[in-house]
Amino acid sequence: MPVLRALSKVAKQTLLGTPGCSCQPLTVAVRNISFSPRQVTSDASFHSVSFSETDHPKVLITGGLGQLGVGLAKMLRKKFGKNNVILSDIRKPPSSVFHSGPFIYSDILDYKNLREIVVNNRITWLVHYSALLSAVGEANVALARSVNITGLHNILDIAAEHGLRLFVPSTIGAFGPTSPRNPTPDLCVQRPRTIYGVSKVHAELMGEYYHHRYGLDFRCLRYPGIISADSMPGGGTTDYAVQIFHDAIKSGKFECNLRPDTRLPMMYIDDCLRATLEVMEAPADTLSMRTYNINAMSFTPEELAQELQKQMPELEVTYDVDHVRQAIADSWPMNFDDSNARKEWGWKHDYDLPELIQTMLNYLSSETRVARAS
């Protein structure tokens, strides 16, 4: 920070210039000093943009090439303008994403790079999607800890320093085997047993702490399993509910890695993205808490398969249980109580299971026809 660097320089000069002093030169490791994000004021080295200075927020989405980032960027660009929403990631974007609007390289573990992006682009909203999901995180705990926790700390510090409105998603994975499962309320015992879940509880609590300690406008939704037609599964425990559609259309056969009676809360991606926008736009005085459950439907693999077989009677479904994923699923909620979100900021889902299945089949079938024609 500029102020801390200046103090370090003055202190060093003072010690070196004191006659008869045998002290060693003072060295200050600036990033390791414990500081309040509010110590550096907005006019110290940059100009902060308030909502009164612009017609629309300027949005940065981290982890933007994941399941949710591209869809959210598309929605926000329609509402706020193409150039007001910047996607970022550490991966090379496909051509369609690169040409759809601003994209920038951003590594959330590189504090300086992230801070420069926020300042240079006058960011006012930050949507933090960068994370390793449940099953992937268990396979590489050290990397999950680094990305999901250390990266979050960088995001929190920068958001608080620059007065951003910050959205960090949480998950059904933030609960554990001692949590009430059917339904799971907003406030209860959590105690997750995956690094993904632990990191999400950490995010919820740190965001709430920064809100009370520094005034950070932190907002968080606990997503259920998210089902999307235009992206492939990304390593989550609920991804069977996406894979079944791809396999049904491609081969007419699907092997599920969870037990047929494993009930989990689910949501179509359009509902998820709309909920994210709605909670970000909600007036602050309507929010009694910083983290809310949201829900749409709850089903088992067997129920999903039976409903899908009404449209595709030839679909064959078998089960080969992955014990790691099953243990994770068994510790998660079976159903979410999202009554606070519905009461306080008007959350309401559009897609139930029949609508979900019809929408997924329509989209993937048309994609398949286009691919075959080309």
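Residues numbered from 1 in each chain as written. Predicted model: local features only at pLDDT ≥ 70, side-chain atom pairs only at ≥ 80, totals over all residues. Heavy atoms only, no water.

Following the sequence through the fold, Tyr129 ends up in the loop between β4 (125-128) and α5 (134-139). Counting along the chain gives 68 residues from Tyr129 to Ile61, while the straight-line C-alpha distance between them is 6.8 Å. (Helix = DSSP H or I, 4+ residues; strand = E, 2+ residues; numbered from the N terminus.)

Running from N to C, helix α6 (residues 141-161) and helix α7 (residues 195-214) point in directions that differ by 15°, and their axes come no closer than 10 Å. Between α6 and α7, the crossing angle belongs to the class labelled roughly parallel. With respect to the hand of their crossing, α6 and α7 are arranged in right-handed fashion. For the pair α6 and α7, the contacting residues are Val141, Ala144, Arg145, Asn148, Ile149, Leu152, His153, Leu156, Asp157 and Ala160 in the first and Ile195, Tyr196, Ser199, His202, Ala203, Met206, Gly207 and Tyr210 in the second. In terms of residue class, the contact of α6 with α7 is built from eleven nonpolar, five polar and two charged. (Axes fitted to C-alpha atoms, helices over the stretch in contact; angles between N-to-C directions. Parallel < 35°, antiparallel > 145°, perpendicular 65-115°, else oblique. Left-handed = near helix turned anticlockwise from the far one by under 90°. Contact = heavy atoms within 4.5 Å. Nonpolar A, V, L, I, M, F, W, Y, C, P; charged D, E, K, R; others polar.)

Counting residues in hydrophobic clusters, the biggest one holds 70 residues, and the most contacted among them are Ile61, Phe299 and Trp345. No other element matches helix α9 (residues 269-281), which puts seven residues into this core. Apart from residues lying up to four places away in sequence, Trp345 is in contact with Leu221, Ala275, Glu278, Val279, Ala282, Leu287, Tyr292, Ile294 and Asn340. Grouped together as the second largest cluster of nonpolar side chains are 28 residues, Ala144, Ala160, Val168 and Ala203 included. (Core = buried A, V, L, I, M, F, W, Y, C linked by side-chain atoms within 4.5 Å. Buried < 20%, exposed > 50% of the residue type's maximum accessible area, 1.4 Å probe, protein only.)

Buried residues dominate strand β10 (residues 264-268), accounting for five of its five residues. Side chains Leu264, Met266 and Tyr268 project from β10 onto one buried face, and the interleaved Pro265 and Met267 project onto a second face that is buried too. As defined by bridge partners, strand β8 (residues 225-227) adjoins β10 across three bridges and the pair is classed as parallel. Each bridged residue has a counterpart across the sheet, and for Ile226 the counterpart in β10 is Met267. Pairing of β10 with strand β12 (residues 297-299), which is carried by three bridges, proceeds in the antiparallel orientation. Counterpart to Leu264 in the pairing with β12 is Phe299. (Pairing = 2+ DSSP bridges.)

What follows concerns the environment of Phe299. For Phe299, the position within the fold is in strand β12. Phe299 sits 36 residues away from Asn335 along the chain, and the two C-alpha atoms are 8.9 Å apart. Beyond its immediate chain neighbours, meaning those up to four positions away, Phe299 contacts Ile227, Tyr240, Ala241, Thr262, Arg263, Leu264, Met266, Leu304, Leu353 and Leu356.

Another point: the pattern of salt bridges. Evaluation of the coordinates by the stated rule reveals 17 salt bridges. If you follow the salt bridges from partner to partner, you end up with Arg165, Asp217, Arg219 and Arg290 in one network. (Salt bridge = Lys/Arg side-chain N within 4 Å of Asp/Glu carboxyl O.)

Our next topic: the sheet that holds β10. The strand order across the open sheet built from three strands is β8-β10-β12, with neighbouring strands paired in mixed fashion. The open sheet has two free edges, formed respectively by β8 and β12, since each of these has just one partner strand. For this sheet, the mean inter-axis angle between neighbouring strands, taken without regard to orientation, is 45°. Its contacts with the sheet place helix α8 (residues 240-250) against β8, β10 and β12, and it is angled at close to 25° to β8.

A few words on unusual backbone geometry. Residues Asn182 and Pro183 are joined by a peptide bond in cis, for which omega reads 0°. Within the element layout of this structure, Pro183 appears in the loop between β6 (170-171) and α7. Backbone geometry places Arg122, a non-glycine residue, at a positive phi of 55°. The topology assignment puts Arg122 in the loop between α4 (111-120) and β4. Given a relative accessible area of 46%, Arg122 falls into the partly exposed group.

What characterises a pair of aromatic rings is the spacing of the ring centres plus the angle enclosed by the ring planes. Scanning all chains against the criterion turns up nine aromatic pairs. Ring centres of Tyr292 and Trp345 lie 6.0 Å apart, and the angle between their planes is 85°; this geometry places the pair in the edge-to-face category. Within this pair, whereas Tyr292 is found in strand β11 (residues 291-293), its partner Trp345 is found in the loop between α12 (339-344) and α13 (353-373), the two being separated by 53 residues in sequence. Both residues of the pair, Tyr292 and Trp345, count as buried. Cluster of aromatic residues (ring-pair linked, three or more members): Tyr129, Phe167 and Tyr223. (Phe/Tyr/Trp six-rings, centres within 6.5 Å; stacked < 30°, edge-to-face > 60°.)

So, on to the confidence of the model for the protein chain. In this model, the protein chain carries an average pLDDT of 87, and 83% of its residues clear a pLDDT of 70 or more. Taken as a whole, residues 1-5 scores under 50 in pLDDT and shows ten contacts with residues more than four places along the chain or in a different chain. Confidence over residues 10-36 falls short of pLDDT 50; this stretch has 20 contacts with residues more than four positions distant or in other chains. (pLDDT = per-residue confidence, 0-100.)

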